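Chains, contacts and geometry: an overview
So the chains spell out like this:
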Amino acid sequence: MAANGNGEFSFGKGTARNGLSKIQTQKRNNEICHDDSAPPVKAQTIDELHSLQKKRSAPTTPIKGSQGGAFAPPISDEERQKQQLQSISASLASLTRETGPKVVRGDPARQSETPRVAHVSHHHFTCPTISVSDSSLKFTHILYNLSPAELYEQAIQYEKGSFITSNGALATLSGAKTGRSPRDKRVVKDETTEDELWWGKGSPNIEMDEHTFMVNRERAVDYLNSLDKVFVNDQFLNWDPENRIKVRIVSARAYHSLFMHNMCIRPTPEELEDFGTPDFTIYNAGQFPCNRYTHYMTSSTSIDLNLARREMVILGTQYAGEMKKGLFGVMHYLMPRRHILSLHSGCNMGKDGDVALFFGLSGTGKTTLSTDHNRYLIGDDEHCWSENGVSNIEGGCYAKCIDLSREKEPDIWNAIKFGTVLENVVFDEHTREVDYSDKSVTENTRAAYPIEYIPNAKLPCVGPHPKNVILLACDAFGVLPPVSKLSLAQTMYHFISGYTALVAGTEEGVKEPQATFSACFGAAFIMLHPTKYAAMLAEKMQKHGATGWLVNTGWSGGSYGSGNRIKLPYTRKIIDAIHSGSLLKVNYKKTEVFGLEIPTEVEGVPSEILDPVNTWSDKKTYKETLLKLGGLFKRNFETFTNYKIGKDNKLTEEILAAGPNF
C-alpha cells in the first residue's frame, strides 16, 4: 500500500483479527515517525539530579530594619535567618546555663546542608563555665513553619502510626491519651494571678508554684534539646489584626506541628519575616513524662501554664487538643484585660451582616445549627467580641468524627482531604478508607482542618456586633420550652449556669436524665470567675442591642423515655425566625417557675409544642419534673451566689432573681 503523501497514519485494505481495519504507519519525509528526544540533564550524579528537582523558596519582601522605619536598609536573607534562629535558640534556652542550644535550619537527614549556627548568650560577655553540658556540643535542627506536604513526609517517614487515608488526610495516633487531662492541668499561682483568677470550688484552675513550673519547663526543654530535630511553628491567634497574639509552638512531632498549622492562623510570608519575639510559647514534650516526685504532680502527665512568663509546658500526653484548649485558656485571661470578651461559641453571619453567637455543650446541636448553608461561618468554637465586632480566635476547625456521614455533615465530610489531620481513626489496611463508626481506639476521633476547607467560611473570620445570642440546651427532662426570649438578667443567669442534660445509659431500662452545668458553656477553659464574663456579655449585648434566646433541642411531651426529641426541622425553623427578626414581632406569654417568655406562634412550628405543658399528658408529673429541674439549677448556682469579684463587687440580686422562682 502506498503512502498517502503526508507521511501519516492510513487505513489499509486488510482486516485485523478483531474485525477492524488495519492501521499502518508511514514514515515521514525526514525518516522519523516522531521525535520526543530532548537534551540530556546537566547533572553529573543522581544526588545532583535530585537537587535540581526542588526550587528554593525566596522571601517575598525584605524585612524592615529595626531602626530608621520605612527608610531602613533591607537586611539580607542570611541575616534574617540568623535573627530567626537566635529567637528560637532563646526560646529553647535552659535558664540554668549561660547559652541557648546550637540551632540550625533544616532536616538532619539531609546532611549535605551547611549548618548555620545561632548560639545565644543570656548574660552578655560571659564565657561558658562548668555548666556546659554535652547538649551544648550538638546541633538541634529546626524544622521551621513547614508546609503540610513537608509535614506529611516527616510524619510518614519517622512517626509510627502515620498513614495517608483514601481521602488524602493524614491519619495519626495521639498515643495513650486520646482526650484532654483536665485533672493534670496546672496554673502558676503568683501575686498577680492569686487575685485575678478563679480558684477554689467549681474552678478548673488547679494551682502550682513558680519553682515547680520551672522544674517542668527545664525537663521539657532538656528533652527537646536532646533531639536531633524539633518542629517550630510561629503563628497567630485572633483574626482581629489589632488584638492578635503571636504564638510559638515547639514540638517533637510532625503531627503536632501540622495540627497547630491548621488550628492557628497561618501567617503570610511577609508576616513571618516580621514575626520577631512571640507573645506566648508552648513547649510540647508530650512523649516525655513529668517527674512523679516533683511537687504538685499526681500522674506522669502535666500541662502547666505560667501566665507571667507567657509559657505553657506539656509533659506526658501527646493529645494535640491540649495545645488548642491551653491557648484558649490563655485568651480567656489576656483578652478580658483588654476589655475584650472571649467566648466558647460558634458564630455565623447572614447575607445582610446579621451575626449570631451559638453557645452549647456537647450534644446540644451547636455545630449542626451554626453550620448553615444560607449563612457564612465565622468560626465553630472560639471567638472574641471587641469594640470592632466579633472575630474568630482560630484558623481552623476541630470536628468530632465519630459516626460522621456525608449525608448528615457534608461540610465536615468534604473538609477531610489533603492537609487535614485525622486523629485516632480506624481505616481499612488495603484501601485506606476510614471507618468513622469504629471506636476501637477511642470514641473521641477528631479531624483538624483549616477553616478555608469549609466552602461558606467568611474570610477573614471577622464580623460586626452580634444581633442574637443563642444559648442551646438539650433538656432530657422535657420541661424547657423549644424557644424562650431572655431578658438581660436571664441571659446572664443561663450563661453562668451553662445547662444541658445528658441521657443516662439504658442497659437496664430507662434511667433518669442527668443535669450537667458548665459555667459560661466552657468551664474547663475559663480563667476568671464566670460572673466577670457574664457581666461583659451583658454590657456588650446592651450596648449593641443584641437579644438573648434559650433554645431547647432536647425532649418534649415527657422526659427521655416517655417524650420525644424535638424535631430538628422545627428547631431550624425557630433559628431561622431568630435570624430573620420575625420572632421579635410575635406575642409572648410567661411560664411558671423559670419565668421564661415564650412565643405563641413560630412560622412552620406547631403552636401547641411551644409551651411544654401542652405536650405532657400527665400534668402532675410535668409540674414535679419542672420543680425538680428548678431545684438543680438553684443548687448549681449556690457556687456563685456568695462570690466577691475583687474587694466588694458581689453578684447582683438581679441575676439571682432571674433564675427559677418557687
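An account of the accompanying structure is given in this report. (Residues numbered from 1 in each chain as written. Predicted model: local features only at pLDDT ≥ 70, side-chain atom pairs only at ≥ 80, totals over all residues. Heavy atoms only, no water.)

If you tally the helices and strands in the protein chain, you get 16 helices and 36 strands. Within the protein chain, the proportion of its 662 residues that are buried is 52%. For the protein chain, long-range pairs separated by at least 24 residues make up 71% of all intrachain contacts whose partners lie at least 6 apart in sequence. Carbon and sulfur atoms make up 51% of the accessible area of the protein chain, which amounts to about 31800 Å² in all. (Helix = DSSP H or I, 4+ residues; strand = E, 2+ residues; numbered from the N terminus. Buried < 20%, exposed > 50% of the residue type's maximum accessible area, 1.4 Å probe, protein only. Contact = heavy atoms within 4.5 Å. Areas by Shrake-Rupley, 256 points an atom, 1.4 Å probe, with all protein chains shown as cover.)

Attention now moves to the packing of helix 11 (residues 488-497) against helix 15 (residues 619-641). Here helix 11 crosses helix 15 at 90°, and the two axes come no closer than 10 Å. Here helix 11 is positioned roughly perpendicular relative to helix 15, judged by the angle of their axes. Contacts between helix 11 and helix 15 involve Tyr493, His494, Ile496 and Ser497 from the first element and Phe633, Lys634, Asn636, Phe637 and Phe640 from the second. A breakdown of the residues in the contact of helix 11 with helix 15 according to their chemical character gives 5 nonpolar, 3 polar and 1 charged. (Axes fitted to C-alpha atoms, helices over the stretch in contact; angles between N-to-C directions. Parallel < 35°, antiparallel > 145°, perpendicular 65-115°, else oblique. Nonpolar A, V, L, I, M, F, W, Y, C, P; charged D, E, K, R; others polar.)

On to the sheet that holds strand 18 (residues 382-386). Pairing within the open sheet is antiparallel, and its 4 strands lie in the order 14-18-19-25. Where the open sheet ends on each side, the last strands, each with one partner, are strand 14 (341-344) and strand 25 (462-463). (Pairing = 2+ DSSP bridges.)

The next thing to look at is the sheet that holds strand 9 (residues 229-237). Spatial strand order, 3-4-9-10-11-13-12-7-8: 9 strands in an open sheet with mixed pairing. Each edge of the open sheet is held by one strand with a lone partner, namely strand 3 (102-105) and strand 8 (207-208). In the sheet, strand 11 (residues 280-285) pairs with strand 13 (residues 311-315) via 5 bridges, with the strands oriented parallel. Looking across to strand 13, one finds that Asn284 is bridged to Ile314. Together, strand 4 (139-144), strand 7 (185-188), strand 8, strand 9, strand 10 (245-251), strand 11, strand 12 (302-306) and strand 13 form the strand contacts of helix 5 (residues 210-226), whose direction differs from that of strand 13 by roughly 65°.

Our next topic: unusual backbone geometry. The amide bond that connects Leu459 to the next residue, Pro460, takes the cis arrangement and shows omega of -10°. Assignment of secondary structure puts Pro460 in the loop between strand 24 (446-450) and strand 25. Positioned with a positive phi, Tyr296 is a non-glycine residue whose angle comes to about 75°. For Tyr296, the position within the fold is in the loop between strand 11 and strand 12. One non-glycine residue, Arg310, lies in the positive phi region at around 55°. With respect to the helices and strands, Arg310 occurs in the loop between strand 12 and strand 13.

It is worth spelling out a nonpolar patch on the surface at this point. Where nonpolar side chains cluster on the molecular surface, the patch consists of Val41, Ile46, Leu49 and Leu52 and spans about 390 Å² of accessible area. Looking at the element boundaries, Leu49 is found in helix 1 (residues 46-53). Leu49 sits in the partly exposed class, given a relative accessible area of 32%. (Patch = residues over 30% accessible without salt bridge, like charges linked within 9 Å, V, L, I, M, F, W, Y side chains within 5 Å. Salt bridge = Lys/Arg side-chain N within 4 Å of Asp/Glu carboxyl O.)

Moving on: the side chain of Ser386. Relative to the assigned elements, Ser386 resides in strand 18. Take Ser386: its relative accessible area is 4%, and that puts it in the buried class. A polar contact is formed between the side chain of Ser386 and the backbone nitrogen of Asn388, at a distance of 3.1 Å. Apart from the residues within four sequence positions on either side, Ser386 is in contact with Asp240, Ile340, His465 and Lys540. (Polar contact = N/O pair within 3.5 Å; in protein donor to acceptor, adjacent residues only side chain to side chain.)

On to the packing of aromatic side chains. The final tally for this structure, using the stated rule, is 20 aromatic pairs. Aromatic pair Phe359 and Phe495: ring centres 5.4 Å apart, planes at 80°, arrangement edge-to-face. Residue Phe359 is located in strand 16 (residues 355-359), and its partner Phe495 is located in helix 11; the two are separated by 136 residues in the primary sequence. Residue Phe495 is classed as buried on the basis of its relative accessible area, which comes to 2%. Ring geometry for Tyr499 versus Phe517: centroids 5.5 Å apart, planes at 40°, classification tilted. With Tyr499 in strand 28 (residues 499-502) and Phe517 in strand 29 (residues 514-517), the pair connects residues that are 18 residues apart, well separated along the chain. Grouping aromatic residues by their ring pairs yields a cluster made of Trp198, Tyr493, Tyr499, Phe517, Phe594, Phe633, Phe637 and Phe640. Just above the ring of Phe236 sits the side chain of Arg244; from NZ or CZ to the centre is 3.7 Å. The cationic tip of Lys417 hangs over the ring face of Tyr453; the distance from NZ or CZ to the ring centre is 4.5 Å. (Phe/Tyr/Trp six-rings, centres within 6.5 Å; stacked < 30°, edge-to-face > 60°. Lys NZ or Arg CZ within 6 Å of the ring centre and 35° of its normal.)

What follows is about the pattern of salt bridges. Tallying each qualifying case throughout the model produces 23 salt bridges. Notably, a salt bridge pairs Arg80 with Glu273, separated by 4.0 Å at the nearest N-O pair. Placement of Arg80 in helix 2 (residues 77-91) and of Glu273 in helix 7 (residues 269-273) is noted, with a sequence separation of 193 residues between them. For Arg80, a relative accessible area of 7% gives the class buried. Relative accessible area serves as the criterion here: at 10%, Glu273 is assigned to the buried category. A salt bridge links Asp611 to Lys589, with the nearest nitrogen and oxygen atoms 3.1 Å apart.

Don't take any of this as a statement about function, it's just geometry.
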